[in-house]
Amino acid sequence: MTEGQSPTAGPEKLNTSVAHNARVWNYWIGGKDNYEVDQRVGEHVAGMFPVIRAVARADREFLARAVRFVTAERGMRQFLDIGTGLPTVDNTHEIAQRIAPESRIVYVDNDPIVLVHARSLLTSAPEGVTDYLDADVRDPDTILQRAAETLDLDQPVALMMLGILNFVLDTAEARDIVRRLVAALAPGSHLVLTHPTFDAEVGGEGNVAAMEFWNANATPPITARSRAEIAGFLDGLELFEPGLVPCSQWRAGAAAAAVPQFGAVAVKP
């Protein structure tokens, strides 16, 4: 899909009878693209795990800081954003193109609700390009093949994987997905990652029960991982300071409180 085209109907029908992650996340950050079922489940999860709203905001704020960093300080002009979620204020292309209007962005998601809103992602500075692919993170070969229609994969790309690998329940499969994606990108490419954790030292122990409730009442199923498991996604890459830390604290100043969601930015040597 190129800028200005309408998204076509996706392979799944939009189901508004079951809470959906993209819509509940939208609800937690104060958006309007959600339904009563999403609000009900979102409120229940927030009652069990009150920090979840802070996690949602912190993840979004980390996105903005990370995109500014890789664009302004690292010279990235190409972005592959997998697990886009619903459009909101300051999406990846808006932040990047504010700094470098020639930036090219490909968004990837396979949620029907995101597909419905994809036109909102297809705005672009005239010097740059935005595109949207309806594809599954579990099919990295298709993602790469279709992204190559918009991005030059022989040049560095910023691979954005915020809050997406937690939907790949098998850790070995999740690592293989990252490995295959990174292997196909040029040296100098960057990986920008966030992932929820159950580690108690950052307040994540409540994630266990909250995710059990989620998996019984909403879709798609989700998992949290330890810091060590999340670090495994970054094997072979060089991390930028401050490394793998709560995403709320990544280059955010000393006063930022920890949230149970790790974040990192790394470069492929």
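Quantities reported herein were computed from a predicted structural model and do not represent experimental measurements. (Residues numbered from 1 in each chain as written. Predicted model: local features only at pLDDT ≥ 70, side-chain atom pairs only at ≥ 80, totals over all residues. Heavy atoms only, no water.)

> Even after reading the chapter, I still don't get the side chain of histidine 195, so can you show me in this structure?
Topologically, histidine 195 is positioned in strand S6 (residues 190-196). Given a relative accessible area of 0%, histidine 195 falls into the buried group. Separated by 2.9 Å, the side chains of histidine 195 and arginine 225 make a polar contact. Residues contacting histidine 195, with those up to four places away along its chain left out, are Leu165, Asn166, Thr223, Ala224, Arg225, Ile230, Phe233, Gln261 and Phe262. (Helix = DSSP H or I, 4+ residues; strand = E, 2+ residues; numbered from the N terminus. Buried < 20%, exposed > 50% of the residue type's maximum accessible area, 1.4 Å probe, protein only. Polar contact = N/O pair within 3.5 Å; in protein donor to acceptor, adjacent residues only side chain to side chain. Contact = heavy atoms within 4.5 Å.)

> What is the right way to read the environment of tryptophan 28 from this model?
Among the structural elements, tryptophan 28 can be located in helix H1 (residues 21-28). A C-alpha to C-alpha distance of 29 Å links tryptophan 28 and alanine 72, two positions 44 residues apart in sequence. Ignoring anything within four residues of it in the chain, the contact list for tryptophan 28 reads Gly42, Val45, Ala46, Ile52, Arg53 and Ala56.

> What am I meant to see in the nonpolar core here?
Looking at soluble globular proteins, one finds that nonpolar side chains tend to be buried together. Phe79, Leu80, Ile82, Leu159, Met161 and Val265 are the most contacted members of the largest nonpolar core, which has 86 residues in total. A per-element tally of this core places helix H3 (residues 52-73) first, with 11 residues. In contact with leucine 80, not counting residues within four places along its chain, are Val106, Val108, Ile143, Ala147, Leu151, Val157, Ala158, Leu159 and Met160. (Core = buried A, V, L, I, M, F, W, Y, C linked by side-chain atoms within 4.5 Å.)

> Explanation requested: the pattern of salt bridges in the structure shown.
Two side chains carrying opposite charge are able to pair once their charged atoms lie near each other. Overall, the coordinates contain 9 salt bridges when judged by the stated rule. The residue glutamate 36 makes a salt bridge to arginine 40 at a minimum N-O spacing of 3.9 Å. Of this pair, glutamate 36 and arginine 40 both sit in helix H2 (residues 36-48), 4 residues apart, which is roughly one turn of the helix. The exposure class of glutamate 36 is exposed, given its relative accessible area of 60%. Aspartate 136 is the salt-bridge partner of arginine 138, the closest N and O atoms lying 3.4 Å from each other. Residue classification places arginine 138 among the partly exposed positions, given a relative accessible area of 39%. By relative accessible area, aspartate 136 is classed as partly exposed at 24%. (Salt bridge = Lys/Arg side-chain N within 4 Å of Asp/Glu carboxyl O.)

> Help me out: how do you make sense of the packing of H2 against helix H8 (residues 207-217) in this one?
The N-to-C vectors of H2 and H8 enclose an angle of 160°; their axes lie 9 Å apart at closest approach. When the interaxial angle is binned, H2 and H8 end up roughly antiparallel. For the pair H2 and H8, the crossing hand works out as right-handed. Contacts between H2 and H8 involve Val41, His44, Val45 and Met48 from the first element and Ala209, Ala210, Phe213, Trp214 and Asn217 from the second. Counted by class, the contact of H2 with H8 contains 7 nonpolar, 2 polar and no charged residues. (Axes fitted to C-alpha atoms, helices over the stretch in contact; angles between N-to-C directions. Parallel < 35°, antiparallel > 145°, perpendicular 65-115°, else oblique. Left-handed = near helix turned anticlockwise from the far one by under 90°. Nonpolar A, V, L, I, M, F, W, Y, C, P; charged D, E, K, R; others polar.)

> Help me out: how do you make sense of helix H7 (residues 171-183) in this one?
Along an α-helix, residues three or four positions apart point the same way, because every turn accommodates 3.6 residues. Taking 1.5 Å per residue, 13 residues should reach 18 Å; H7 reaches 18 Å between its end C-alpha atoms and fits that length. Residues Ala174, Ile177, Val178, Leu181 and Val182 constitute the buried set of H7. Looking down the long axis of H7, one finds its buried residues gathered within 120° of arc, a one-sided arrangement. Opposite its buried face, H7 presents the exposed residues Ala172, Arg179 and Ala183, each directed more than 90 degrees away. The secondary structure elements touched by the buried residues of H7 are strand S2 (78-82), helix H6 (140-147), strand S5 (158-162) and S6. At the N-terminal boundary of H7, the capping side chain belongs to aspartate 170, with an oxygen 3.2 Å from the backbone nitrogen of alanine 172. (Expected span 1.5 Å × (residues − 1). Arc of directions from axis to C-beta.)

> Would you mind going over unusual backbone geometry with me for this structure?
For residues other than glycine, phi is negative in most cases, and the peptide bonds are mostly trans. Cis geometry marks the peptide bond from threonine 219 to proline 220; its omega dihedral reads -10°. Here proline 220 lies in the loop between strand S7 (218-219) and helix H9 (227-231). For arginine 251, which is not glycine, the phi torsion reads 50° and is therefore positive. Mapped onto the fold, arginine 251 is located in the loop between strand S9 (245-246) and strand S10 (261-267). Using a relative accessible area of 38% as the deciding quantity, one classes arginine 251 as partly exposed.

> Looking at this structure, I do not really get the environment of alanine 183. What am I missing?
Here alanine 183 is to be found in helix H7. Residues alanine 183 and aspartate 33, 150 residues apart in the sequence, show an inter-C-alpha distance of 36 Å.

> Is there a simple way to explain H2 in this structure?
With 13 residues, H2 extends 18 Å between its outermost C-alpha atoms, agreeing within 8% with the 18 Å of an ideal straight helix rising 1.5 Å per residue. Of the residues making up H2, those classed as buried are Val37, Asp38, Val41, Gly42, Val45 and Ala46. The buried residues of H2 occupy an angular sector of 160° when the element is viewed end-on, so they sit on one face. Those residues of H2 that are exposed and aimed more than 90 degrees away from the buried face are Glu36, Arg40 and Gly47. Contacts from the buried residues of H2 go to strand S1 (19-20), H1, H3, H8 and S7.

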